[in-house]
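# Structural features, examined
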Amino acid sequence: MTIPKLTLVFPHLALNLIISTPALVIILLGFFVIYAIFSLVLYYHWLSYGMGNKGILAAEGLYFMVSVFLFVISALAITYY
Amino acid sequence: MAYEALHLEKDEHVILEVRKHWIVFAGHAIGLIFCAFLPFIIFTFLKIYAPQVFSISLPGNVYALGLFFYTLWLLALWLSFFVDWTKYYLDVWYVTEKRIIIIEQKYLFDREVSNVRFDKIQDVTIEVDGFIPTMLKFGNVKVQTASEDNFNFFMTTVRYPEEVRRVIFSQHNEIGDRSFPFGNTQSS
């Protein structure tokens, strides 16, 4: 008596997904708005309660430098899409 | 450094800032680093177990699209790291000549500030338990007060707890000496 083999067959995906540059720009802008709101909240806390501490100043600089860098990369990625 | 937000008295200065050790958010940071590599792990997993996913045809540059979404993912992780760091860094005790200002940043827009004058402090207890806390010099600090409800202030994972206790005790003794310059004697 032979045991039947169980084979899994996945459906073949061959869809043409349309992701346009304007859509990516809208996604980036929406993300930027949310990011800016949270950044303002963080900046408010650092300014109000940070007491001008060196750690806070270093964190501010690092946070904004890396954020700007990543946003520039994402904008460049859209131009190369 | 500007301490306007503390509303210190004229002759009052901050002599010590007590903060938690960086190890408290090391776990979160490691989790975030793992999340940063997660897209690559998922990509490898799909390549091995579901390669037909890659038959989806996209009109433009796939690598640029991947880079775009990956940078947004990194930005979200970066923001999460700094929210956690802000909570950690704004959790602080300011020790002045007259009191301890205890600030607990529970979350964003959720902050608790307490004051303990040195003449109200009964005892300061520190606890350094374990190999790593001993090597990295962090532990728990408890300040017992002489209030009606015997309220205690507690901070875990404090940097250099011995130094914290030494400063608090020295200020406490100084306040005590100023209150009773000739000793606390009673005439019969």
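For the structure, check the block above.
Remember, it's a predicted structure, so these values are computed and weren't measured experimentally.

Right, let's talk about the nonpolar core for a bit. For soluble globular proteins, the rule of thumb is that nonpolar side chains tend to be buried together. All names here are of chain B. In terms of nonpolar packing, the biggest core is built from 17 residues, with Val18, Trp93, Val95, Ile100 and Val158 touching the most fellow members. Listing elements by their share of this core, those giving two or more residues are strand 2 (92-96), strand 3 (99-107), strand 6 (138-145), strand 7 (152-159) and helix 4 (161-179). Among residues more than four places away in sequence, those in contact with Val95 are Ile15, Leu16, Val18, Ile100, Val167, Ile168 and Gln171.

Our next topic: unusual backbone geometry. Unusually for a residue other than glycine, Met51 of chain A sits at a positive phi of about 60°. On the secondary structure map, Met51 of chain A appears in the loop between helix 1 (21-49) and helix 2 (54-79). Judged by local crowding, Met51 of chain A falls into the partly exposed class, with 19 C-beta atoms found within 10 Å. Positive phi outside glycine occurs at His7 of chain B, with the angle close to 55°.

Two orientations exist for strands paired in a sheet by backbone hydrogen bonds: parallel and antiparallel. Residue and element names in this part refer to chain B. Spatially, 3 strands are ordered 5-6-7 in an open sheet, and the strand pairing comes out antiparallel. The open sheet has two free edges, formed respectively by strand 5 (121-127) and strand 7, since each of these has just one partner strand. Here the average twist between neighbouring strands, direction ignored, is 15°. In this sheet, strand 6 lies alongside strand 5 in antiparallel orientation, the contact comprising 6 bridges. Its bridge partner lying in strand 6, Ile121 is registered against Thr145.

All names here are of chain A. In the contact formed by helix 1 and helix 2, the axes pass within 11 Å of each other and the chain directions differ by 175°. In terms of their interaxial angle, helix 1 and helix 2 are classed as roughly antiparallel. Between helix 1, through Thr21, Leu24, Val25, Leu28, Phe32 and Trp46, and helix 2, the contact on the second element is made entirely by Ile56, Glu60, Phe71, Ser74, Ala75 and Ile78. Split into classes, the residues belonging to the contact of helix 1 with helix 2 amount to 9 nonpolar, 2 polar and 1 charged.

Cut-offs used in this document
The residue count restarts for each chain, going from 1 along the sequence in the order it is written. Lettering for chains starts from A, numbering for ligands starts from 1, and both go in the order in which the items are written. With the structure being a predicted model, the display of local features is reserved for residues of pLDDT at least 70 and the display and counting of side-chain atom pairs for 80 or more, all residues being used for whole-chain, interface and lining totals. By convention the nonpolar core is taken to be a set of buried residues drawn from Ala, Val, Leu, Ile, Met, Phe, Trp, Tyr and Cys and joined through C-beta atoms within 7 Å. Our exposure labels follow a C-beta count within 10 Å of each residue's own C-beta, placed from the backbone: buried means 20 or more other C-beta atoms, exposed means 12 or fewer, and partly exposed covers the counts in between. Helical segments are the DSSP runs of H or I of at least four residues, strand segments are the runs of E of at least two, and each set is numbered from the N terminus. Once C-beta atoms are placed from the backbone, any two residues with those atoms within 7 Å are in contact. Note on pairing: DSSP must find at least two bridges between two strands before they are called paired. Axis lines are fitted to C-alpha atoms, over the contacting stretch for helices. Their N-to-C directions set the angle, which ranges from 0 to 180 degrees. Small angles under 35 degrees read as roughly parallel and large ones over 145 as roughly antiparallel, with 65 to 115 read as roughly perpendicular and the rest as oblique. Nonpolar residues are Ala, Val, Leu, Ile, Met, Phe, Trp, Tyr, Cys and Pro. Charged residues are Asp, Glu, Lys and Arg, and all others, Gly as well, are polar.

Read these as spatial facts, not as claims about activity.
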